[in-house]
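Understanding the architecture of this molecule
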There are 2 protein chains.
Amino acid sequence: MELKPKRTEAERLSYGIHRKGLRDRKMRLSLNVARRFFGLQDMLGFDKASNTVEWLLNQAKAEINRLAKEKKK
Amino acid sequence: MELKPKRTEAERLSYGIHRKGLRDRKMRLSLNVARRFFGLQDMLGFDKASNTVEWLLNQAKAEINRLAKEKKK
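These notes cover the structure that comes with them. Note that the structure is a prediction, hence the values are computed from the model and not measured. (Residues numbered from 1 in each chain as written. Chains lettered and ligands numbered in written order. Predicted model: local features only at pLDDT ≥ 70, side-chain atom pairs only at ≥ 80, totals over all residues.)

Here's the deal with the overall build of chain A
Of the regular secondary structure elements, chain A holds 4 helices and 1 strand. Ordered by position from N to C terminus, the α and β elements of chain A give α-β-α-α-α. Counting over 73 residues, chain A shows a buried share of 21%. (Helix = DSSP H or I, 4+ residues; strand = E, 2+ residues; numbered from the N terminus. Buried ≥ 20, exposed ≤ 12 C-beta atoms within 10 Å, placed from the backbone.)

See below:
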């Protein structure tokens, strides 16, 4: 049985290796964006910021797909 | 001249008093949401997560306004 190499704290907290290096999954919003974001979260009745981001990603899906297509051109 | 009362660490990091108490402006995304979120951020060429959240809020504006109207009813 092989032992997995221990991951560093940065690796555990990041979402993976990225061309800009390890990227933190924790983020900090500006005051103005935080007000809008948490206002939305309250309206949705969500508990976790991650769920609110997911909701936003789903809302913007059409525009995100359009961007992805343009990038491929 | 009056001195402002010193703010606690939690107050400095939060976006304000909230009915659920002080809310942290820092957030942590689930792995799956982080992948989608930072994939979008790369496509947009943004530097800060806050800018990406702002972009998402703007994309979802119509739906957010619809929600806000429904809540008022």
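Regarding the interface of chain A and chain B
Each side of the interface is counted separately: chain A has 30 residues, and chain B has 30 residues. For the side of chain A that touches chain B, the secondary-structure elements that each account for two or more residues are strand 1 (26-28), helix 2 (31-44), helix 3 (49-59) and helix 4 (61-72) of chain A. Sort the elements by how many residues they give to the side of chain A that touches chain B and helix 2 of chain A lands first, with 9 residues. Each residue belonging to the side of chain A that touches chain B can be placed in one class, and the counts come to 18 nonpolar, 3 polar and 9 charged. Pairing of strand 1 of chain A with strand 1 (residues 26-28) of chain B involves 3 bridges; the strand directions are antiparallel. In the strand pairing of strand 1 of chain B, M27 of chain A is matched with M27 of chain B. (Contact = placed C-beta atoms within 7 Å. Nonpolar A, V, L, I, M, F, W, Y, C, P; charged D, E, K, R; others polar. Pairing = 2+ DSSP bridges.)

Concerning helix 4 (residues 61-72) of chain B
Compared with the 16 Å implied by 1.5 Å per residue over 12 residues, the 17 Å span of helix 4 of chain B between its first and last C-alpha is a close match. Little of helix 4 of chain B is tucked away, with 1 of its 12 residues classed as buried. (Expected span 1.5 Å × (residues − 1).)

As for helix 2 (residues 31-44) of chain B
Residue and element names in this part refer to chain B. Spanning 14 residues, helix 2 covers 20 Å between terminal C-alpha atoms, matching the ideal 20 Å at 1.5 Å per step. Listing the buried residues of helix 2 in full gives V33, A34, F37, F38 and L40. For helix 2, the buried positions fall inside an angular range of 150° around the axis, keeping them on one side. Those residues of helix 2 that are exposed and aimed more than 90 degrees away from the buried face are L31 and N32. (Arc of directions from axis to C-beta.)

Concerning the relation of the copies chain A and chain B
For these two chains of identical sequence, chain A goes onto chain B by a turn of 180° and a shift of 0.0 Å along the axis, with RMSD 0.0 Å. Here the transformation between the copies is reduced to the relation of a two-fold axis. The fraction of interface residues of chain A whose copies in chain B are also interface residues reaches 100%, indicating that both copies meet through the same surface. (Least-squares fit on C-alpha atoms with pLDDT ≥ 70 in both.)

Focus on the packing of helix 2 of chain B against helix 3 (residues 49-59) of chain B
All names here are of chain B. Closest axis-to-axis distance for the helix 2/helix 3 pair is 10 Å, and the angle between their directions is 90°. If you check the angle between helix 2 and helix 3, you find them roughly perpendicular. Between helix 2 and helix 3, the residues in contact are F37, L40, Q41 and L44 and A49, T52 and W55, respectively. Per-class residue counts for the contact of helix 2 with helix 3 are 5 nonpolar, 2 polar and no charged. (Axes fitted to C-alpha atoms, helices over the stretch in contact; angles between N-to-C directions. Parallel < 35°, antiparallel > 145°, perpendicular 65-115°, else oblique.)

What about the nonpolar core?
L29, F37 and V53 of chain A together with L29, F37 and V53 of chain B are the most contacted members of the largest nonpolar core, which has 24 residues in total. For this core, the secondary structure elements donating two or more residues are helix 2 and helix 3 of chain A together with helix 2 and helix 3 of chain B. (Core = buried A, V, L, I, M, F, W, Y, C linked by C-beta atoms within 7 Å.)

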